[in-house]
Amino acid sequence: MGPNGIEKKRPNFLIIVADDLGFSDCSCFGSEIQTPNIDALAADAAGGLRFTSFHVAAACSPTRSMLMTGTDHHIAGLGQLSEYVRNSPAHQGQPGHEGYLNDRVVALPQLLQDGGYHTVMSGKWHLGLKLEHRPQLRGFDKSFALLPGCANHFGYEPNYADPINEPPRFFETAVTALHMQDSEYVLKLPDDFYSSDFYVSKMIDFLSERNEQEKDKPFFAYLPFSAPHWPLQAPKKSMEKYKGIYSDGPDTLRLQRLQNLKKLGLVPQDVVPHKVVTSEGEPAAWNDMSGLERAKSARSMEAFAGMVDRMDENIGRVMDYLKSIGEYDNTYILFMSDNGAEGASYEAQPIIGDEVMKHIDEYYDNSLENIGRKDSFVWYGVRWAQAATAPSRLYKMFSTQGGCRVPLVVKPGRIGGLAAGGRVSDAFCTVMDIVPTILELAGLNHPGEVYQGRPIAPLRGSSWAPYLGAISNCKAGDKKLKSTQIHDDTVVTGWEICGSAAIRRGDYKITYVPYPKGPQRWELFNIIDDPGEVHDMSLELPELFKEMLELWEVYKKDVGVVGLAEELQVAGKSNSAIDEFDDTGKWIRFMGGREVPAQLVGKVP
């Protein structure tokens, strides 16, 4: 209750997720890419905050499962990307690796819906392809969801010569823009579809179409973009403003970004960045490329920049709408990335590389002039990715800082206090903290270990509400912003993805990076003094190193990690066979009755 017994209005929440956005890819984090709307959230007079030590899983759906549940992704059903499990017998049939949100968890929108919130989402789901795994059954009143992990951003798909056996396995879950609205598969997208534009239009539609009863409720809105995940595609207008900006190559960009991060006070002035790591077959150094190779590489980066620019433009549309209906001030807005920048260079991968490039050559036009268009299919590779994650080590799919530390911007609701915007927090926090934070701010409780009669995993995150209250009167540069923490130094946090792992407690972190990107052994770092994970202290501090390794074994058993890379290589066969027609990845382009070939009718999920 507020003053004079008047009931205080509960806040709204808007969570915005970018897909594969690197730490320095927004201008308020040092980028040359123009993101004025994200910057405005960081500068908002209600106390806009940039977090420099916000951590996620090192891959898309694992992070999204943690965001939805407040617990570890190995528990929630996304122990690994479902696309990875398809090709990893060691993980198939293992608990917590189902490839969708399992029954061991309750999702945040379910709890908010139970607590009187109107819940809507528009964008990438990646938490299950089948009807029984749809967002609607996880608490969303209205939803428009991209079901797979990525897709053509214009909804384009080639006409395959052999539609049953094409495309190759890599492309099966990377092209088809399979969407579901509420409980129905979407059979056709508009001719002018572009992912970021359409998701925001749907979000605004959902909010504007609320009836009077729904308008009386506070809302929870989830806006997960599929940009800037590859294939790198953007409207021409969004790309043109970046023409020529990247002609000096990724090493130059990396130095510029580092300088900008230092100027903004987002990394230490004396930080030692990790060196750029590449493997055989991956993009060559800039000066070793031909002129055409450099031009195409720079154009791919222009497409990436155009995607981020367009995403920001659409975020501005949502902000303008909330202001127009008088709800902006009462809305907590969080903007984050789901993992570090994507550094994969698929052309260099053994076994699949030749097949991938052959298919692209046959069905796509990656000429210089066409890069970024609907019928192009490009990614930007390891060097551009490490320009975006610097000073950190590596990128997406590694449990290093480059894979797990991402940008987070928080615009609080106007809850009083004297804070101004432009604040920076170095407090360590994780994506698992978001569920308890929102529940506390909404005046709701998590059910603990039982929900509607079934056992569920408890929360592993902690609420930021006390922290936000403690710094509510702090202005940018206030020393209290540096000294106030969210988690104390005894809290242990673990990570593992694709056999790369880490454990952090206080200032120290052990990291395991498989060959060929790392030594395939555990290393110990003081992550505060050495955020680049450059100086291995395992021999200097053997007792601490041993203690951290013991903590890893506890975490591994507690959440159900299958194994490290060296263990996976000898893990043997799957615990269960996957029926060909239960492999939703294989038949994604036919799901929901979308032009099913006669011989597959009745067999496709």
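Here is what the cut-offs are and how they apply
Residues numbered from 1 in each chain as written. Predicted model: local features only at pLDDT ≥ 70, side-chain atom pairs only at ≥ 80, totals over all residues. Heavy atoms only, no water. Helix = DSSP H or I, 4+ residues; strand = E, 2+ residues; numbered from the N terminus. Rg over C-alpha atoms; globule rule 2.2 N^0.38 Å. Buried < 20%, exposed > 50% of the residue type's maximum accessible area, 1.4 Å probe, protein only. Contact = heavy atoms within 4.5 Å. Areas by Shrake-Rupley, 256 points an atom, 1.4 Å probe, with all protein chains shown as cover. Polar contact = N/O pair within 3.5 Å; in protein donor to acceptor, adjacent residues only side chain to side chain. Arc of directions from axis to C-beta. Axes fitted to C-alpha atoms, helices over the stretch in contact; angles between N-to-C directions. Parallel < 35°, antiparallel > 145°, perpendicular 65-115°, else oblique. Nonpolar A, V, L, I, M, F, W, Y, C, P; charged D, E, K, R; others polar. Pairing = 2+ DSSP bridges. Core = buried A, V, L, I, M, F, W, Y, C linked by side-chain atoms within 4.5 Å. Phe/Tyr/Trp six-rings, centres within 6.5 Å; stacked < 30°, edge-to-face > 60°. Lys NZ or Arg CZ within 6 Å of the ring centre and 35° of its normal. Salt bridge = Lys/Arg side-chain N within 4 Å of Asp/Glu carboxyl O.

Attention shifts here to the overall build of the protein. Each helix and strand in the protein was counted, giving 19 helices and 17 strands. Against the compact-globule benchmark of 25 Å for 605 residues, the protein has a radius of gyration of 23 Å, which places it among compact chains. Projected onto its principal axes, the C-alpha coordinates of the protein cover approximately 70 × 60 × 50 Å. Taking all 605 residues of the protein together, 61% fall into the buried category. Taking as baseline every contact in the protein between residues at least 6 positions apart, the subset at least 24 positions apart corresponds to 75%. Working note: accessible area of the protein is about 23300 Å², and carbon and sulfur atoms make up 50% of it.

If you trace the backbone, Asp25 turns up in the loop between strand E1 (12-18) and helix H1 (36-43). What makes Asp25 buried here is its relative accessible area of 0%. A polar contact of 2.7 Å, which involves the side chain of Asp25, links it to the backbone nitrogen of Gly22. Not counting residues up to four positions away in its chain, the partners in contact with Asp25 are Ser31, Ile33, Thr35, Arg257, Phe304, Val308 and Ala388.

Turning next to helix H12 (residues 353-363). A turn of α-helix holds 3.6 residues, and therefore any two residues three or four places apart point the same way. Buried residues of H12: Gly353, Val356, His359, Ile360 and Tyr363, and no others. What you see down the axis of H12 is that its buried residues fit within an arc of 135 degrees, all on one side. For H12, the exposed residues lying more than 90 degrees away from the buried face are Asp354, Lys358 and Asp361.

Right, let's talk about the packing of helix H10 (residues 250-263) against helix H13 (residues 381-389) for a bit. The N-to-C vectors of H10 and H13 enclose an angle of 5 degrees; their axes lie 8 Å apart at closest approach. In terms of orientation, H10 and H13 fall into the roughly parallel class. Contact residues: H10 offers Pro250, Leu253, Arg254 and Arg257, while H13 offers Arg383, Trp384, Gln386, Ala387 and Ala388. Considered class by class, the residues forming the contact of H10 with H13 number five nonpolar, one polar and three charged.

Okay, the sheet that holds strand E16 (residues 508-512) next. Spatial strand order, E14-E15-E16-E17: four strands in an open sheet with antiparallel pairing. The open sheet has two edge strands with one neighbour each: strand E14 (492-497) and strand E17 (522-526). Pairs of neighbouring strands in the sheet enclose a mean axial angle of 15 degrees, with direction left out of account. Pairing analysis gives five bridges linking E16 to E17, with the strands arranged antiparallel.

Quick look at the nonpolar core now. By size, the foremost hydrophobic cluster in this structure holds 92 residues, and its most contacted members are Leu223, Trp230, Tyr246, Leu322, Phe335 and Phe377. Counting residues per element, this core draws most heavily on helix H11 (residues 291-324), which supplies 13 residues. Ignoring anything within four residues of it in the chain, the contact list for Trp230 reads Cys150, His153, Phe170, Ala174, Glu342, Tyr346, Phe377, Val378 and Trp379. One finds Met68, Tyr222, Val410 and Val435 within the second-largest nonpolar core, a separate group that totals 77 residues.

Inspection of every chain in the model, using the stated rule, returns 33 aromatic pairs. Judged by centre distance (5.7 Å) and plane angle (25 degrees), the ring pair of Phe13 and Tyr332 falls under stacked. You can see Phe13 sitting in strand E1 and its partner Tyr332 sitting in strand E8 (residues 331-337), a full 319 residues away along the chain. The ring of Tyr328 carries Lys323 above its face, with NZ or CZ at 4.8 Å from the centroid. We note Lys509 situated over the ring of Trp495; from NZ or CZ to the ring centre the distance is 5.7 Å.

The next point concerns unusual backbone geometry. Note that the residue after Trp230, namely Pro231, is joined by a cis bond; omega there is 0 degrees. Inspection of the secondary structure puts Pro231 in the loop between strand E7 (219-224) and helix H9 (236-240). The linkage connecting Tyr515 with the following residue, Pro516, adopts the cis geometry, with an omega of -5 degrees. Tracing the backbone shows Pro516 in the loop between E16 and E17.

With that settled, the discussion passes to the pairing of strand E4 (residues 142-146). Within E4, four of the five residues are buried, leaving the element largely enclosed by the surrounding structure. Where E4 and strand E5 (residues 179-181) come together, three bridges link them in antiparallel fashion. If you follow Phe144 over to E5, its bridge partner there is Gln181.

Let us look at the pairing of strand E9 (residues 405-411). Most of E9 sits inside the fold, with seven of its seven residues counted as buried. In this structure, strand E2 (residues 49-55) lies alongside E9, joined through five bridges in antiparallel fashion. The residue of E9 that forms the bridge with His55 is Arg405. Where E8 meets E9, four bridges bridge the pair, whose relative direction is antiparallel. Looking at E9, one finds that Phe335 is bridged to Val409.

Another point: the side chain of Ser376. Structurally, Ser376 can be placed in the loop between H12 and H13. A polar atom in the side chain of Ser376 sits 2.7 Å from the backbone oxygen of Arg373. Not counting residues up to four positions away in its chain, the partners in contact with Ser376 are Pro231, Leu232, Gln233, Tyr364, Asp365, Asn366, Asn370 and Ile371.

Here the focus is the pattern of salt bridges. Taken as a whole and assessed by the stated rule, the structure comprises 22 salt bridges. Residue Glu302 pairs with Arg299 through a salt bridge whose shortest N-O separation is 2.9 Å. Remark: Arg299 and Glu302 occur in helix H11; sequence separation between them is three residues, near one turn of the helix. Using a relative accessible area of 18% as the deciding quantity, one classes Arg299 as buried. Bridged by salt links that share partners, the residues Asp19, Arg64, Lys124 and Asp338 form one connected network.

Any functional reading would require information that these geometric values do not contain.
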